[in-house]
Amino acid sequence: MSAKYIFVTGGVVSSLGKGLAAASIGCLLESRGIKVNLMKFDPYLNVDPGTMSPFQHGEVFVTDDGAETDLDLGHYERYTHAKLSRDNNWTTGRIYEQIIAKERRGDYLGKTVQVIPHVTNEIKSAMKKVAQEVDVAIVEVGGTVGDIESLPFMEAVRQMRQELGRENTLFVHVTLVPFIAAAQELKTKPTQHSVKELLSIGIQPDILLCRTDRFLSKEIKSKIALFCNVEEEAVITAKDVASIYEVPLVFSHEKVDQLVLKYLHLEARDRDLKQWEELVHRVYNPKADVHIAIVGKYVEYEDSYKSLKEALVHGALAHNLKLRLSWVEAEGLEAGQEACHEQLRDYDGILVPGGFGKRGIEGMLQAIRYSRENKTPYFGICLGMQTACIEFARNVCGLEDANSSEFDPATPHRVIYKLRELRGVEELGGTMRLGAWTCKIEPDTLAYRIYGKAEISERHRHRYEFNREYEEQLTAAGLRISGSSPDGTYVEMVELPDHPHFIGCQFHPEFKSKPLEPHPLFRTFIGAAYEHAQKRAEEKQTAEVEMFHRPVKVASR
Ligand code: GLN
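Residues numbered from 1 in each chain as written. Predicted model: local features only at pLDDT ≥ 70, side-chain atom pairs only at ≥ 80, totals over all residues. Heavy atoms only, no water.

### Observations concerning the overall build of the protein chain
Link 1 in the chain: Across its full length, the protein chain carries 18 helices and 23 strands.
Link 2 in the chain: Rg of the C-alpha trace for the protein chain: 26 Å, near the compact-globule value of 24 Å for 557 residues, within the 12% margin.
Link 3 in the chain: Along the three orthogonal principal directions, the C-alpha set of the protein chain runs to about 90 × 70 × 45 Å.
Link 4 in the chain: In the protein chain, buried positions account for 56% of the 557 residues.
Link 5 in the chain: A separation of at least 24 residues holds for 73% of the contacts in the protein chain among residues at least 6 apart in sequence.
Link 6 in the chain: Counting every atom, the protein chain has about 24,700 Å² of accessible surface; 49% of that belongs to carbon and sulfur.
Link 7 in the chain: Counting 69 positive and 81 negative side-chain charges, the protein chain places the averaged centre of each group 3 Å from the other. (Helix = DSSP H or I, 4+ residues; strand = E, 2+ residues; numbered from the N terminus. Rg over C-alpha atoms; globule rule 2.2 N^0.38 Å. Buried < 20%, exposed > 50% of the residue type's maximum accessible area, 1.4 Å probe, protein only. Contact = heavy atoms within 4.5 Å. Areas by Shrake-Rupley, 256 points an atom, 1.4 Å probe, with all protein chains shown as cover. Lys, Arg positive; Asp, Glu negative; His and termini not counted. Charge placed at Lys NZ, Arg CZ, Asp CG, Glu CD.)

### Remarks on the site of the ligand
Link 1 in the chain: Near the ligand the following residues occur: Gly 354, Gly 355, Phe 356, Cys 382, Leu 383, Gln 386, Glu 406, Arg 461, His 462, Arg 463, Tyr 464 and His 508.
Link 2 in the chain: Gln 386 is positioned such that a nitrogen or oxygen atom in its side chain is 3.0 Å from an oxygen atom of the ligand.
Link 3 in the chain: The backbone of Arg 461 places a nitrogen or oxygen atom 2.9 Å from a nitrogen atom of the ligand.
Link 4 in the chain: The fraction of the free accessible surface of the ligand (290 Å²) that becomes covered by protein chains is 99%.
Link 5 in the chain: Breaking the shell around the ligand down by element, the ones donating at least two residues are helix H15 (383–395) and strand S19 (455–462).
Link 6 in the chain: For the shell around the ligand, the residue count by class is four nonpolar, five polar and three charged. (Near = heavy atom within 4 Å. Polar contact = N/O pair within 3.5 Å; in protein donor to acceptor, adjacent residues only side chain to side chain. Nonpolar A, V, L, I, M, F, W, Y, C, P; charged D, E, K, R; others polar.)

### Focus on the environment of Glu 406
Link 1 in the chain: Relative to the elements of secondary structure, Glu 406 occurs in the loop between strand S16 (403–404) and strand S17 (414–418).
Link 2 in the chain: Counting along the chain gives 160 residues from Glu 406 to Glu 246, while the straight-line C-alpha distance between them is 42 Å.
Link 3 in the chain: With sequence-adjacent residues up to four places away left out, Glu 406 is seen in contact with Phe 356, Gly 357, Gln 386 and Tyr 464.
Link 4 in the chain: Side-chain polar atoms of Glu 406 contact the backbone nitrogen of Gly 357, separated by 3.0 Å.

### As for the side chain of Arg 282
Link 1 in the chain: Among the secondary structure elements, Arg 282 is positioned in helix H11 (residues 274–284).
Link 2 in the chain: By relative accessible area, which is 19% here, Arg 282 ends up buried.
Link 3 in the chain: In this structure, Arg 282 is in contact with Leu 317, Ala 318 and Asn 320, ignoring residues within four places of it in sequence.

### Digging into unusual backbone geometry
Link 1 in the chain: Residue Pro 117 is bonded to the preceding Ile 116 through a cis peptide linkage, with omega at 10°.
Link 2 in the chain: Examined against the element boundaries, Pro 117 turns out to sit in helix H5 (residues 115–130).
Link 3 in the chain: Even without glycine at this site, Asn 229 takes up a positive phi of about 65°.
Link 4 in the chain: By the secondary structure assignment, Asn 229 is in the loop between helix H8 (218–228) and strand S11 (235–239).
Link 5 in the chain: The exposure class assigned to Asn 229 is exposed, which follows from its relative accessible area of 56%.

### Section: the packing of aromatic side chains
Link 1 in the chain: Following the criterion strictly, the structure yields 11 aromatic pairs and no others.
Link 2 in the chain: Ring geometry for Tyr 5 against Phe 7: centres 5.8 Å apart, planes inclined by 5°, an arrangement best described as stacked. Per residue, the accessibility class of Tyr 5 equals that of Phe 7, and both read buried.
Link 3 in the chain: Centroid distance Phe 61 to Phe 511: 5.1 Å. Interplanar angle 75°. Geometry classified as edge-to-face. Of the two residues, Phe 61 is situated in strand S3 (residues 61–62) and Phe 511 in the loop between strand S23 (502–505) and helix H18 (520–549); the sequence distance between them amounts to 450 residues. Each of the two residues, Phe 61 as well as Phe 511, counts as buried.
Link 4 in the chain: The cationic tip of Arg 94 hangs over the ring face of Trp 90; the distance from NZ or CZ to the ring centre is 3.8 Å.
Link 5 in the chain: Its end group placed over the ring of Tyr 490, Arg 433 keeps NZ or CZ at 3.9 Å from the ring centre. (Phe/Tyr/Trp six-rings, centres within 6.5 Å; stacked < 30°, edge-to-face > 60°. Lys NZ or Arg CZ within 6 Å of the ring centre and 35° of its normal.)

### Quick notes on the sheet that holds S16
Link 1 in the chain: Taken in spatial order, the three strands line up as S16-S17-S20 in an open sheet, and their pairing is mixed. Sheet topology places S16 and strand S20 (464–466) at the edges, where each strand pairs with a single neighbour.
Link 2 in the chain: With three bridges connecting them, S17 and S20 associate as antiparallel partners. Considered in S20, the bridge of Tyr 417 is made with Glu 465. (Pairing = 2+ DSSP bridges.)

### A look at the packing of helix H1 (residues 18–30) against helix H10 (residues 256–264)
Link 1 in the chain: Orientation of H1 relative to H10, taken along the N-to-C sense of each, is 75°, at an axis distance of 10 Å. Judged on the interaxial angle alone, H10 and H1 are roughly perpendicular. Along the contact surface, H1 presents Ile 25, Leu 28 and Leu 29, while H10 presents Val 256, Asp 257, Val 260 and Leu 261.
Link 2 in the chain: Across the contact of H1 with H10, the residue classes break down as six nonpolar, no polar and one charged. (Axes fitted to C-alpha atoms, helices over the stretch in contact; angles between N-to-C directions. Parallel < 35°, antiparallel > 145°, perpendicular 65-115°, else oblique.)

### Remarks on the sheet that holds strand S21 (residues 480–484)
Strand pairing in a sheet relies on backbone hydrogen bonds, with the paired strands running either antiparallel or parallel.
Link 1 in the chain: Pairing in this open sheet of nine strands is mixed, and the strands run S13-S12-S14-S15-S23-S22-S21-S18-S19 from one edge to the other. Strand pairing shows two members of the sheet lacking a second neighbour, strand S13 (321–329) and S19, which therefore form its edges. The sheet shows a mean angle of 25° between the axes of neighbouring strands, taken without regard to direction.
Link 2 in the chain: Helix H14 (residues 361–374) contacts strand S12 (288–296), strand S14 (349–352), strand S15 (378–381) and S23 of the sheet and is inclined by roughly 145° relative to S14.

Next comes the structure, spelled out in structure tokens:
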């Protein structure tokens, strides 16, 4: 049997959670034993988001095969078991790159190369590629209906229905039904307009996922159904929820999966969402809080660390804790340890995440020094591992002005330097050490205790590496290299044995954490942070009791 397709489009405004909707539909179908794959089309001209600023685009999600992709792929992996690769995310730029390469090779045999059929054919074959070996392929089209940029994708989607028929294709449109306070009413007009826009390009949606802050009444649903030409049961209340992990449950209450099965003529077993229900129960019933500080430079824009934030949530959920996350602007810590004491004192754990460029580095170094000296659990990811090595070189080994050549090319001590195989490579697109690499873990280390095995595979995205010339000096002073690439070239993990929990990794474990399978590095970091919090609470209590029992000195006359 060949695969069926679900196309997810968005209307009215962006940021309605199309990616989460697609992921949640995938999750529901999997819970019924249906095999899914998911893909996203991004209508911009960049070949991939790898060279874009996180302010523009949010996080760059890295797949095992080293593709730099849209952050929605992170949702797909967290909600389903789909194995994603560079085939699962296409931009207009990459589609055109393919076509132009073909044209230059002469593959079009003298024909005029056009948007229809050449661009649309390329888009359709990308869809068909991910649909091999699964029952259902869920295809998300980025952007909002009406955008000029997304037209070729919409046209390809329209053609897919033409080609494969109603039983094999389904159009899901995510739209907004806002509550207007002045009128005290939910408004359906934006949805009507958005569907009209879709109809004008030949797409009649089958299911409307209506984002709203309250339940849609039967009247509202039938009004939308009537105007938008969909069945009433296909007007879904996609109500705002406090936790994104509740979305599959919200959709299941609204019977989205039953509708999908009905429209696509699919047979499936009953859904089993027990694990998700249990997870959501934990989300809303934590035993305590754990307070983590992320010290970075893009702190004002949470989307730039999407997977990281989720991985921390997963780590907290593993201990039945609620994550309280604070983003601390690294530049604000540059003043020194006093500023750190003031700003970092109340956190149970400190994390320096991945990043590029010089801004904020000195503040990160201060934060790392603070966690090292005050025994606050520390977790450094990629840049956070590199800065941990620099801090150790400077403040423990006395290597003044030690740095990464990324931030100070003239540093006397290049503790971190450019990846040897990248020397001389000036182009920025796709030229980092990317994707999954094996790492060997040393026995008798924190890393080994965390993973419980000697060989792991994690995803990378970096241009600089630890300089082994400094290995002897740093390890003699107490830094432990606990993970390396199998041939010993790259340092992948470092730690401090005389600290309760101080660990850094050159890779990005956040990309592989899932709510139902929290990553061990995040689970143990949160565990250590919670222990630290409890220890501090006990110390505080003891101090208070001591204070209470201290004999009161009476001033002598
Ligand atoms: N800028 C550093 C490098 O390129 C760290 C990269 C990262 O944190 N992802 O090596």
